[in-house]
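Single-letter residue listing:
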Amino acid sequence: MQSKLKLLATALATAGLLAACGGGGGADTTPRAKVTSVKVMGDSLSDSGTFGFKFTVQGSAPTGAGSTMIWPERIADQFSQSLCAHYRAGDENLTSYQEVASCTNYAVGGGRVNPLGAPATSPLSVLVQIQAAAKAGFSADDLVIIDGGANDAADVIGALIAAAKGNSQPLNAMVAWLDSKAPGTSTALMTQAGGDASKFAGLAAGAYLQTLAKTLAGSIAQNVVAKGATRVAVLNVPAITKTPRFQMVLASIAQAAGGGDQGAAVAAKQEASFDALVQAFNAQLATSLAGQSQVALVDFYTEFKNQINNPAQYDFDNVKDPVCPITGVDGSGLPTYTFPTCTAAALSALPGKSSPDWWQHHVFADSFHPTPYGHQQMSQLVSRSLAQKGWL
């Protein structure tokens, strides 16, 4: 039965790829590129089990056989390759870990381009992951997949909210990093802001994210492309303000502004400014990666926004509510979730639901990460991008 379902899924995915490529009618569906290894760097969206689970609804096993296939694993499967986590955490903060040389998924949950406060050699840094993969070596037969920046963007939004409430420490750490890269940046930004602290915060946030985008692109050019990789897929940052996590943040901003139409207007303005920061990162990433034939930039931002705005087109039936149960509250008053106990079997057995399959076409597993079906949609997006480059 499982083999029949896999054949059906493959057929459907192939139909989508052929449509994207203008093919069909008996066209050869064998991947056009020879790929002997898939190597992944990134964050929780791409993590195959650094912490012993995946950041989505769990399958019959948390990792390995029987586990939920996340999007890079689905891509690898199309090339008859498999993935496993390169880093194996010794604790939840990754202060200790082991490396498994035979596993080529370097992505780590919580990964950032610039994990402020983490040791310089921590694999929480996507740049460190890239350097580790480069040390192991790239070849012309590799497919390299990289995502990063979403957690950095979330940090920046959080820093701006904190600064508006009187806590400038997170933003100051970002400004200090900017000054370490280009001395005098903060002085120039304050001059540009005319001494206005609020304007300075916005300018600093944008400059920080744009510098991160340049840094990530520079590392890809220097440590991946220049080291021999000829097929590199890079995802930009999705529209994170559309996640339940940030919709809850925006709802509290609206409430603090008096609620009603007035509060909604304030929240909408804030959402637009936060989203502009994400777009600034993405625009800089695109500019910095431009002209490299070895790189395919995957527009996850636009696709994710389309999924939220046009769910029926993607066969989503819920774009707002996480399927995993809330298990706690964080320091900001936002709900927390426990992925190891959020299993497909447990969700299907929940009483009072219309069907055991009630959760399967939701977008969100928790307030920030996709369901297995969301991962399927991500893999199809990446597959189309690979096909357009002639790599699939």
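Caption draft 1: Up close: the layout of surface pockets. Its volume calculated, the second largest pocket comes out at about 840 Å³. In terms of lining residues, the second largest pocket is bounded by 23 residues, among which Phe 55, Gly 110, Arg 245, Asp 366 and His 369 are the most central. Mapped by element, the contributors of at least two residues to the lining of the second largest pocket are helix 4 (150-164) and strand 8 (335-337). Broken down by class, the residue content of the lining of the second largest pocket amounts to nine nonpolar, eight polar and six charged.

Caption draft 2: Structural context of the nonpolar core. In this structure, Ile 146, Leu 216, Ile 220, Val 232 and Ile 240 are the most contacted members of the largest nonpolar core, which totals 95 residues. The biggest single contributor to this core is helix 7 (residues 197-225), with 14 residues. The residues contacting Leu 216, other than those within four sequence positions of it, are Val 113, Val 126, Leu 127, Ile 130, Ile 146, Gly 148, Phe 281 and Leu 285. Judged by nonpolar contacts, the second largest core, of 12 residues, contains Phe 53, Phe 339, Cys 342 and Leu 347.

Caption draft 3: Highlighting the pattern of salt bridges. On inspection of all chains with the given rule, the structure shows seven salt bridges. Asp 141 is the partner of Lys 34 in a salt bridge, and the nearest nitrogen-oxygen pair spans 3.7 Å. Of this pair, Lys 34 sits in the loop between helix 1 (2-21) and strand 1 (37-41) while Asp 141 sits in the loop between helix 3 (126-136) and strand 4 (142-147); the two residues are 107 residues apart in sequence, bridging distant segments of the chain. One salt bridge connects Lys 305 with Asp 275, and the closest N-O pair in it is separated by 3.2 Å. Within this pair, whereas Lys 305 is found in helix 10 (residues 300-309), its partner Asp 275 is found in helix 9 (residues 260-289), the two being separated by 30 residues in sequence.

Caption draft 4: Structural context of the packing of aromatic side chains. Counting across every chain of the model gives 10 aromatic pairs. Residues Phe 55 and Phe 339 carry aromatic rings whose centres are separated by 5.9 Å and whose planes lie at 75 degrees to one another, so their mutual orientation is edge-to-face. Taken as a pair, Phe 55 in the loop between strand 1 and helix 2 (71-78) and Phe 339 in the loop between strand 8 and helix 11 (344-348) lie far apart in primary sequence, 284 residues in all. Judged by its relative accessible area of 14%, Phe 55 is buried. Arranged with centres 6.2 Å apart and planes meeting at 70 degrees, the rings of Tyr 87 and Tyr 106 form a pair that is edge-to-face. In this pair, Tyr 87 sits in strand 2 (residues 87-89) while Tyr 106 sits in the loop between strand 3 (97-99) and helix 3, placing the two residues 19 residues apart along the sequence. A relative accessible area of 2% means that Tyr 106 is categorised as buried. Three or more aromatic residues joined by ring pairs make a cluster, and in this case those are Phe 51, Phe 53, Phe 55 and Phe 339.

Rules used in this analysis
- Residues numbered from 1 in each chain as written.
- Predicted model: local features only at pLDDT ≥ 70, side-chain atom pairs only at ≥ 80, totals over all residues.
- Heavy atoms only, no water.
- 1 Å grid on protein atoms, 1.4 Å probe; cavity = no way out; pocket = protein on both sides within 12 Å on 5 of 7 lines; lining within 4 Å.
- Points joined across faces, edges and corners; volume = space filled by probe spheres on them.
- Helix = DSSP H or I, 4+ residues; strand = E, 2+ residues; numbered from the N terminus.
- Nonpolar A, V, L, I, M, F, W, Y, C, P; charged D, E, K, R; others polar.
- Core = buried A, V, L, I, M, F, W, Y, C linked by side-chain atoms within 4.5 Å.
- Buried < 20%, exposed > 50% of the residue type's maximum accessible area, 1.4 Å probe, protein only.
- Contact = heavy atoms within 4.5 Å.
- Salt bridge = Lys/Arg side-chain N within 4 Å of Asp/Glu carboxyl O.
- Phe/Tyr/Trp six-rings, centres within 6.5 Å; stacked < 30°, edge-to-face > 60°.

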